[in-house]
Amino acid sequence: MKRYHPVLVGLHWLVAAMILIALFIGGPGLTALQNDDPAKLFGLTGHMIWGLAIGAFMVVRLIMRLVAKAPPAADAGHQALNLGARAAHIGLYVLVLVMVASGIGLAVSANLFQIAFGQSGAPLPADFAVFPARFVHGAVATLLMILIAAHIAGWAYHQFYLRDGLIRRMWFGKRM
Ligand code: HEM
Ligand code: HEM
């Protein structure tokens, strides 16, 4: 097996793009708006739909990953690097799912599903900082940025130092 299943490949790049947008554009853009700003509810609704879609794609990806045949673990030349890569891949699934879960937790605590989707007309809470889930969401966002940077560094190590073209495994083509 030379490559990941095409569904896994497609979802890897879709989810990667969606996460980078949420982490560096959507989330920070939202935080910059005060909760009484008329634009806030619109942005928040978009971020919630976007985040929930990431969660759904990530769950489908995880199921496919467990079910479909995958290439053998890549060899980076050192036992420690190989273990690090495995831990980072598991960590990526965990942190993304914790982002989604803490986002849902925050939405439930602050009654955002009713306000955003139920059009209850109720105002947003003055500040999300009073909710513990808000702290988790912000802290895990930072951890996820660091882990993604490490993941990209791992890719660069394979691409430019080992020159083994590992990225081909995460692209479409003949799998056998
Ligand atoms: C930004 C969010 C990203 C997430 C959440 C993510 C997640 C993952 C995960 C979980 C895997 C392990 C394969 C699996 O078990 O499904 C993986 C593999 C891979 N990713 Fe990413 N990725 C992201 C971005 C990137 C970027 C920007 C690059 C390249 C510049 C990249 C390159 C790769 C490569 C080459 C593999 C294959 C590694 C192997 O075959 O062992 N990823 N990614
Ligand atoms: C992987 C998915 C997600 C990512 C990457 C993401 C990313 C972010 C980021 C980077 C922030 C700003 C954090 C900060 O500045 O400290 C944020 C804020 C927020 N997110 Fe998410 N998020 C995701 C999913 C969700 C979901 C599913 C929901 C709700 C259903 C949600 C609701 C919120 C709320 C309410 C805020 C607070 C905005 C504010 O303080 O003004 N997020 N998100």
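Source: prediction; values computed, not measured.

Visitor: Would you mind showing me how to read the coordination of the iron atom of ligand 2 here?
Guide: Protein coordination at the iron atom of ligand 2: the donors are His47 (NE2) and His137 (NE2), at 2.0 to 2.1 Å from the metal. In this structure, the iron atom of ligand 2 is surrounded by six donor atoms whose angles at the metal cover 88 to 179°, and the resulting shape is octahedral. Of the two residues, His47 is situated in helix 2 (residues 38-67) and His137 in helix 5 (residues 132-162); the sequence distance between them amounts to 90 residues.

Visitor: Sorry if this is basic, but what is going on with the site of ligand 1 here?
Guide: Around ligand 1 there are 20 residues in total, and His12, Arg65, Tyr93, His151 and Arg169 lie nearest to it. Interatomic distance of 2.8 Å between a side-chain N/O atom of His12 and a nitrogen atom of ligand 1. For ligand 1, an oxygen atom lies 2.8 Å from a polar atom in the side chain of Arg61. Going through the elements one at a time, helix 1 (6-31), helix 2, helix 3 (79-109) and helix 5 are the ones with two or more residues in the shell around ligand 1. Each residue belonging to the shell around ligand 1 can be placed in one class, and the counts come to 14 nonpolar, three polar and three charged.

Visitor: Can you help me understand the coordination of the iron atom of ligand 1 in this one?
Guide: Binding of the iron atom of ligand 1 to the protein goes through His12 (NE2) and His151 (NE2), at separations of 2.0 Å. Each of the six donor atoms bound to the iron atom of ligand 1 contributes to angles spanning 88 to 180°, and the resulting shape is octahedral. Highlighted residues: His12 in helix 1 and His151 in helix 5, separated in sequence by 139 residues.

Visitor: How should I be thinking about the site of ligand 2 in this particular structure?
Guide: Around ligand 2 sit 22 residues in total, of which Thr31, Lys40, His47, Arg134 and His137 are the nearest. For ligand 2, a nitrogen atom lies 2.8 Å from a polar atom in the side chain of His47. Here an oxygen atom of ligand 2 sits 2.8 Å away from a polar atom, N or O, in the side chain of Arg134. Those elements that place two or more of their residues in the shell around ligand 2 are helix 1, helix 2, helix 3 and helix 5. By residue number, the principal contributor to the shell around ligand 2 is helix 2, which donates seven residues. When its residues are assigned to classes, the shell around ligand 2 shows 13 nonpolar, seven polar and two charged.

Analysis parameters
Each chain carries its own residue numbering, running from 1 in the written order of its sequence. Chain letters and ligand numbers both follow the written order, the letters beginning at A and the numbers at 1. For a predicted model such as this one, the threshold for reporting local features is a pLDDT of at least 70, and the threshold for listing and counting side-chain atom pairs is 80 or more; totals across whole chains, interfaces and linings nevertheless cover every residue. Side-chain measures here rest on the full set of heavy atoms in the structure, leaving out hydrogens and waters. Counted as donors are N, O and S atoms no farther than 2.8 Å from the metal, or 3.2 Å for Na, K and Ca; water is not among the atoms, and sites may therefore look incomplete. Every geometry call rests on angle ranges, with four donors termed tetrahedral when all angles are between 85 and 135 degrees, four termed square planar and six termed octahedral when opposite donors are over 155 degrees apart and all others are between 65 and 115, and everything else termed irregular. Every helix listed is a DSSP run of H or I at least four residues long, and every strand listed is a run of E at least two residues long, numbered separately from the N terminus. By convention in this text, a residue qualifies as near a molecule or strand provided that one of its non-hydrogen atoms is within 4 Å of it. Think of a polar contact as two N or O atoms within 3.5 Å of one another; within protein, one of them needs to be a possible hydrogen donor and the other a possible acceptor, and neighboring residues in sequence only count if both atoms come from side chains. Residues are sorted three ways: Asp, Glu, Lys and Arg are charged, Ala, Val, Leu, Ile, Met, Phe, Trp, Tyr, Cys and Pro are nonpolar, and all the rest, Gly among them, are polar.

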